[in-house]
Amino acid sequence: MISRKKIMLMAMSLMAVSSFAQAKYVFYFIGDGMGAGQRQISEEYKKNVLKKDGKLLLNSLPATAITTTYSADTLITDSAAAGTALATGHKTNNGYIAKDTKGNNLKTLLEIAQDKGMSTGLVTTTRITHATPAVFASHNIDRDDENGIAEDYVKSNVDYFAGGGYRHFAAKGGELSSKRKDGRDLIKEFQDKGYKTFIGEKSTQDFEKWAPKAGEKAFAAFKASHMPYTVDDIQETLPTLKEMTAKGIDLLSQDKDGFFMMVEGGRIDHASHAQDAVGTIYDTLAFDDAIKTAYEFYEKHPQDTLIVVAADHETGGMGLGFGNNYFLKLDELKNVKVSIEDTLQKAYTGNRDEYFKYIAENMGLTTLTSDEKQKIEQAMDLEDKDKDASKNFGGYSPTSIAVAHIISERAGMQWTSYAHTAVQVPLATIGEGADKFVGFKDNTEVAKLIAESMGAKIK
Ligand SMILES: [Zn+2]
């Protein structure tokens, strides 16, 4: 028999739920470098070139806002400062990871979730120690101290990590490539703490077969550095962002207290740094696919789920329009088969005929105007003469940038920067509390609203 007292308690807890609705399952998607241009070109490419139906899900969520991106010390933020704003609700200097401008630790949304007993996860296509995931579960005044960030992760109690970058965890001098300077083996330290680990490309199958059980923890890093660009792994030989997100849901949703999961489309940014239109598009589409997985979960738990799709900043100054014309010709992009940064950049070895053959086969440049050919040859001259010629091209090889610009101009677009830009970026949300994410917002407000949706407060 149920006692009177128990009935009273049950009634009280029901009242608490109805009067303080809270998001129990929080998805925080961050498209690194994903400005309005990146969102638009990806949608147009999907519709007009891939001939697939419908809008991107990230352009379809009902509650939308525009957010600022600037940091405490400059109008053009980096991912560390912008991520810190999105993760903690505080502005900081470029390069700082969840620290204020004086170097004090800032409490992150992930840590707030842990305080509430929720499970937590970090998923990305970059090294897992890169700035955007780092701002949720580590504190450091130097984003480049990825070894230190990795050490913070071991102490973090985050239930699920998935992405690239095992080189900051693997022991120095072992079989795996390592960037560690000390004698620590953080993979073993994770295992000693009870984590299942999936390390390297060979662990892909084990990861895919893994059926997570309640209470398990996992650390997965499939590459020494970043995961491949989507366009470079179109066969999906490694886990996709969607697969890593889905596995995270399988694991974390078994916690009756709910979960907080950050999922980063991290290489949208890298592609735009390299002026790589197709790389940007494919990684944005892959990001959208990952959001779909969360959306399916939302449809099963609409009262308890919040999905926020944010960007930390825009990258590259992607301009959709070039010269004096009113047309984008995205069909010009359809025969590009490889990324600029990871693949095309390795293609020029000094043999010019071979390179022209390569870009005909892999970049869709089967014929070149004399002007285009001259641009590439000038880049070859530079590259042949000076091994450091890339310093004037954002760190990329002159030949690959020449090709990237020719492809972009053919498509009717261009870029203004090898770095980030200061423009505002779109935000889209759905679910519990989403109606508050509307209007012009500072990036710090996004974190504050998410905390509010979780029933917490950021000062
Ligand atoms: Zn960047």
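Everything quoted here is computed from the prediction, not taken from an experiment.

### Examining unusual backbone geometry
Residues other than glycine seldom take positive phi values, yet K51 does so here, at roughly 55°. Within the secondary structure, K51 is located in the loop between α2 (36-48) and β2 (63-67). Even without a glycine there, the phi angle at A98 is positive, about 50°. By secondary structure assignment, the location of A98 is in the loop between α3 (79-88) and α4 (109-115). Residue A98 is classed as buried on the basis of its relative accessible area of 0%.

### Some details on the coordination of the zinc ion
Here the zinc ion is held by D269 (OD), D269 (OD), H273 (NE2) and H420 (NE2), and the distances to it run 2.0 to 2.4 Å. Classification of the site at the zinc ion rests on its four donor atoms, whose angles at the metal span 56 to 153°, yielding the label irregular. Each donor residue of the zinc ion belongs to the same chain, with the gaps between them written as D-x3-H-x146-H. Taken together, the residues span a long stretch of sequence, with H273 in helix α10 (residues 267-273) and H420 in strand β10 (residues 420-421) at a distance of 147 residues.

### Considering the packing of aromatic side chains
Aromatic rings considered in pairs are described by the distance between their centres and by the relative angle of their planes. According to the stated counting rule, one finds 26 aromatic pairs in the structure shown. Plain terms: the ring middles of F29 and F287 are 5.9 Å apart, the flat faces sit at 75° to each other, and that makes the pair edge-to-face. In this pair, F29 is assigned in strand β1 (residues 25-31) and F287 in helix α11 (residues 277-300), connecting sequence segments 258 residues apart. Seen in terms of ring centroids, F169 and F219 are 4.5 Å apart; in terms of plane orientation they differ by 55°. Their pairing is tilted. Residue F169 is found in the loop between β4 (160-164) and α7 (186-192), and its partner F219 is found in strand β6 (residues 217-221); the two are separated by 50 residues along the sequence. Classification of F219 by relative accessible area gives buried; the value is 0%. Three or more aromatic residues joined by ring pairs form one cluster here, namely Y25, F27, F29, F259, F287 and F297. The ring of Y70 is capped by K91, whose NZ or CZ atom sits 3.6 Å from the centre of that ring. In this arrangement the basic side chain of K373 is found over the ring face of F356, its NZ or CZ atom lying 5.3 Å from the centre.

### A look at the pattern of salt bridges
Within the structure shown, the criterion is met by 25 salt bridges. Between R143 and D78 there is a salt bridge, with its nearest N and O atoms 3.2 Å apart. With R143 in the loop between α5 (131-137) and α6 (146-156) and D78 in the loop between β2 and α3, this pair connects stretches of sequence that are 65 residues apart. Of the two residues, R143 and D78, both sit in the buried class. Its salt-bridge partner being K91, residue D442 comes within 3.0 Å of it at the nearest N-O pair. Taken together, the residues span a long stretch of sequence, with D442 in the loop between β12 (439-441) and α15 (443-453) and K91 in the loop between α3 and α4 at a distance of 351 residues. On the accessibility criterion, D442 (15% relative accessible area) is buried. Through salt bridges that share partners, E151, R180, D182, R184 and E189 make up one connected network.

### Observations regarding the sheet that holds strand β11 (residues 425-431)
Pairing in this open sheet of ten strands is mixed, and the strands run β5-β6-β4-β3-β7-β1-β8-β11-β2-β12 from one edge to the other. One side of each edge strand has no neighbouring strand; the edge strands of this open sheet are β5 (195-199) and β12. Taken over all neighbouring pairs, the strand axes of this sheet differ in orientation by 15° on average, direction set aside. Judged from the six bridges that link them, strand β3 (residues 119-127) and strand β7 (residues 259-265) form a sheet pairing that is parallel. Looking at the pairing, T120 lines up with F260 of β7.

Each value, and the rule that gives it
- Sequence positions are assigned chain by chain, starting from 1 and proceeding in written order.
- Only residues with pLDDT of 70 or above have their local features reported here, since the model is predicted, and side-chain atom pairs are shown and tallied only from 80 upward, although totals for entire chains, interfaces and linings are computed over all residues.
- For side-chain calculations, the full set of non-hydrogen atoms in the structure is used, while hydrogens and water are omitted.
- Helix numbering and strand numbering both begin at the N terminus, where a helix is a DSSP run of H or I of at least 4 residues and a strand a DSSP run of E of at least 2.
- Relative accessible area decides the class of each residue, using a 1.4 Å probe on protein chains only: under 20% of the type maximum gives buried, over 50% gives exposed, and in between gives partly exposed.
- Only nitrogen, oxygen and sulfur atoms count as donors, using a 2.8 Å cut-off from the metal that widens to 3.2 Å for Na, K and Ca. Water is left out, so coordination shells may look unfilled.
- For a four-donor site, all angles between 85 and 135 degrees give tetrahedral; for four or six donors, opposite pairs above 155 degrees with the remaining angles between 65 and 115 give square planar or octahedral; all remaining cases count as irregular.
- Each aromatic pair joins two rings of Phe, Tyr and Trp (for Trp, the six-membered one) with centres within 6.5 Å, and gets the label stacked for planes under 30 degrees apart, edge-to-face for over 60, and tilted for any other angle.
- Consider the ring centre and the ring normal. A charge sits over the ring if Lys NZ or Arg CZ is within 6 Å of that centre and within 35 degrees of that normal.
- A pairing counts as a salt bridge when a side-chain nitrogen of Lys or Arg comes within 4 Å of a carboxyl oxygen of Asp or Glu.
- Only strands joined by at least two bridges in the DSSP assignment are considered to pair.
- To get an axis, a line is fitted to the C-alpha atoms, and for a helix only the part in contact is used. The angle between two axes follows their N-to-C directions and goes from 0 to 180 degrees.

Geometric descriptors of this kind do not, in isolation, establish any biological role.
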